Amino acid sequence: MQSASYRVGRAFLCRADYRSELMKSTLDLVREKKIKMALFAVIGSVAEATLAYYDQSKREYRKIRLEEPLEIADSWGNISWKDGQPFAHLHAVLSDAGGKTYAGHLVQATVFAAEIHLLELIGKKLEREHDEVTGLSLWKFKKQGLK
Ligand code: ZN
């Protein structure tokens, strides 16, 4: 187990713009407010979305296209760094008109209405790097002296 500890900084409540792309809106907020690390959650609804499922044997993401209005019933994510840029990682549970749910790694979504709740974390920047074992971009602690 590798870990790092942080203090909680500012808390933000934000309303994403109609028709904006959810992940881009989140990263725009992060850049505008000069947030280095954060935890965030989003609730609301989207006009369409793309989720992804990571195929562990093939070591690749399989996209799940959802071309219909959906509720963001739940989500949870974090902001860290990848390739020297802020990177948003969000997992979401989306529900359709009948209450059927789809869940996974959120790739992109077009906002109908969405509330972003973001908690800034104060501490060292955590970078993602390619992990040979899983094929994923995972947090690297030791290289940055974070144990
Ligand atoms: Zn993910």
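Rules used in this analysis
Residues numbered from 1 in each chain as written. Predicted model: local features only at pLDDT ≥ 70, side-chain atom pairs only at ≥ 80, totals over all residues. Helix = DSSP H or I, 4+ residues; strand = E, 2+ residues; numbered from the N terminus. Rg over C-alpha atoms; globule rule 2.2 N^0.38 Å. Buried ≥ 20, exposed ≤ 12 C-beta atoms within 10 Å, placed from the backbone. Contact = placed C-beta atoms within 7 Å. Core = buried A, V, L, I, M, F, W, Y, C linked by C-beta atoms within 7 Å. Pairing = 2+ DSSP bridges.

Asks: An account of the overall build of the protein chain is needed here, citing residue identities and associated values.
Replies: Broken down by element type, the protein chain carries one helix and eight strands. At 16 Å, the protein chain has a C-alpha radius of gyration in line with the 15 Å of a compact globule built from 147 residues. Seen along its three principal axes, the alpha-carbon backbone of the protein chain occupies a region of about 50 × 40 × 20 Å. Here the protein chain, with 147 residues, has 23% of them falling under the buried criterion. Put simply, 67% of the contacts in the protein chain that link residues at least 6 apart link residues at least 24 apart.

Asks: Which residues make up the nonpolar core, and what values go with them?
Replies: By size, the foremost hydrophobic cluster in this structure holds 27 residues, and its most contacted members are Leu22, Ala38, Val46, Ala49, Ile79, Ala114 and Ile116. Once residues within four sequence positions are removed from consideration, Leu22 is found in contact with Ala16, Val42, Val46, Ala109, Val111 and Ala114.

Asks: If you had to explain the pairing of strand E1 (residues 7-16) to someone new, which residues and values would you point to?
Replies: In regular strands, side chains alternate between the two faces of the sheet. Counting buried positions along E1 gives one out of 10 residues, so the element sits mostly on the surface. In terms of strand pairing, E1 meets strand E6 (residues 101-122) through eight bridges, oriented antiparallel. Bridging across to E6, Arg7 finds its partner in Ile122.

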